[in-house]
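Next come the chains, spelled out residue by residue.
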Amino acid sequence: MSQRFGRTRWKRFAVILLPCLAATAVLAAGVAENALAASFLISGEEFKLSADEVHGDGFSLYGTVDVTREHVQVPVAVTGFESATIHGLCQSAVFPIPVLGPFTLRLTGGRRPATVKGFFIDAKHLAAGEASSQRLDIGVAAGSLTTGEVSRGDRDSRFFNPNSPAQQASSINLTDVRITAVAVAAGSFDVPGLDVSLVRGRAECF
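Residues numbered from 1 in each chain as written. Predicted model: local features only at pLDDT ≥ 70, side-chain atom pairs only at ≥ 80, totals over all residues. Heavy atoms only, no water.

## Here's the deal with the overall build of the protein
Helices and strands together make up the secondary structure of the protein, namely three helices and eleven strands. When the elements of the protein are put in sequence order from the N terminus, they spell out β-α-α-β-β-β-β-β-β-β-α-β-β-β. Here the contacts in the protein between residues at least 6 apart in sequence split such that 84% fall between residues at least 24 apart. Put simply, the protein shows about 10700 Å² of open surface, and 53% of that area lies on carbon and sulfur atoms. (Helix = DSSP H or I, 4+ residues; strand = E, 2+ residues; numbered from the N terminus. Contact = heavy atoms within 4.5 Å. Areas by Shrake-Rupley, 256 points an atom, 1.4 Å probe, with all protein chains shown as cover.)

Next comes the structure, spelled out in C-alpha cells:
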C-alpha cells in the first residue's frame, strides 16, 4: 500500500516503526539460538547523532541485529538513505579515561550542510520534532524494497529476513533529529567546516 504523508508529527509517525522493532526482537531470539550468525562486529558502545534538519532521498527502515566482539546481540532499527543533506550535524561519544574521568569526543559540521551517500544508521532510538515524506510505503517486505535501500552488508548477511516488515519513501524531511546509535556506515560523507574536539566531562549533542 502506498500513501502520501505531509507534515506528520513524529510521535504519530513512530507508530509505523513498531513492526520493524518487533522484527528485531524475533531476529534477536534467532541469534540467541545460534540460528543466525553476525555479519560484522560492533563495539557495543552507544553514541549520539543530532541535526537541525535532514533531507533524504531513497529512505528505508528495517530491523536487524548487530553483534559485539563479546557476542552480545544488539537489536537495531536500520535507517537508510540513498543520499541525504544534513544541516547542523553533531556527533558525540562519551568514554572514560583512567584517573581523569569521562571525556566527550564531539564532531560538528560548519555552516554549510553535510552531504552523504549510501548512508545507514543502526539505531537504538530515533526521534524528530517533525517528519514529512513522499510516496511512503508501510509494511513492504524488506526483500522487496525498491525506493529505499538495504545495506549491502545486511542483505548479504544471514540476519537479513527478506519477509520481515519494512518501510520506504522516495524522500523524507526530518527536523530536530535525535538518534542514539551503535553504528553508522556511509559510501561517502562530505562535511564542510568539520570540527573535532575532545571535551572533559559529558558534553553530548543532546
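## Let's talk about the pairing of strand E9 (residues 165-185)
Note: strand E3 (residues 47-68) against E9, 13 bridges, orientation antiparallel. Pairing of Phe 59 across the sheet is with Ala 169, part of E9. The sheet contact formed by strand E8 (residues 130-141) and E9 spans nine bridges and is antiparallel. Within E9, the residue paired with Glu 130 across the bridge is Thr 175. (Pairing = 2+ DSSP bridges.)

## With respect to a nonpolar patch on the surface
Judged by side-chain polarity, Phe 95, Leu 105, Leu 194, Val 196 and Leu 198 come together as a nonpolar surface patch covering roughly 440 Å² of accessible area. If you trace the backbone, Val 196 turns up in strand E11 (residues 195-200). The exposure class assigned to Val 196 is exposed, which follows from its relative accessible area of 52%. (Patch = residues over 30% accessible without salt bridge, like charges linked within 9 Å, V, L, I, M, F, W, Y side chains within 5 Å. Salt bridge = Lys/Arg side-chain N within 4 Å of Asp/Glu carboxyl O. Buried < 20%, exposed > 50% of the residue type's maximum accessible area, 1.4 Å probe, protein only.)

## Some remarks on the pairing of strand E4 (residues 73-87)
Pairing of E3 with E4, which is carried by 14 bridges, proceeds in the antiparallel orientation. For Gly 56, the partnering residue across the bridge sits in E4 and is Ala 84. In textbook terms, the turn of a hairpin is the stretch between consecutive antiparallel strands, and for E3 and E4 this stretch comprises four residues, one of which, His 71, has a positive phi near 65°. Of the strand pairs in this sheet, E4 and strand E7 (residues 114-127) are connected by nine bridges, and their pairing is antiparallel. The residue bridging Phe 81 from the neighbouring strand is Phe 119, located in E7.

## Observations regarding the nonpolar core
Counting 27 residues, the largest nonpolar core has Val 54, Phe 81, Ile 86, Ile 121, Leu 174, Val 177 and Ile 179 as the members making the most contacts within it. Mapped by element, the contributors of at least two residues to this core are E3, E4, E7, E8 and E9. Membership of the second largest hydrophobic core comes to 14 residues, among which are Phe 120, Val 140, Ala 166 and Val 182. (Core = buried A, V, L, I, M, F, W, Y, C linked by side-chain atoms within 4.5 Å.)

## Remarks on the packing of aromatic side chains
Taken as a whole, this structure holds four aromatic pairs when the rule is applied. Each ring, one from Phe 59 and one from Phe 81, has its centre 5.7 Å from the other, and the planes form 55°; the classification is tilted. Of this pair, Phe 59 sits in strand E3 while Phe 81 sits in strand E4, placing them 22 residues apart in sequence. Residue classification places Phe 59 among the buried residues on the basis of a relative accessible area of 4%. Seen in terms of ring centroids, Phe 81 and Phe 119 are 6.1 Å apart; in terms of plane orientation they differ by 25°. Their pairing is stacked. On the criterion of sequence distance, the pair formed by Phe 81 in strand E4 and Phe 119 in strand E7 is long-range, its members being 38 residues apart. As far as burial versus exposure is concerned, Phe 81 and Phe 119 are alike and both buried. Linked through ring pairs, Phe 59, Phe 81, Phe 119 and Phe 189 together constitute an aromatic cluster. (Phe/Tyr/Trp six-rings, centres within 6.5 Å; stacked < 30°, edge-to-face > 60°.)

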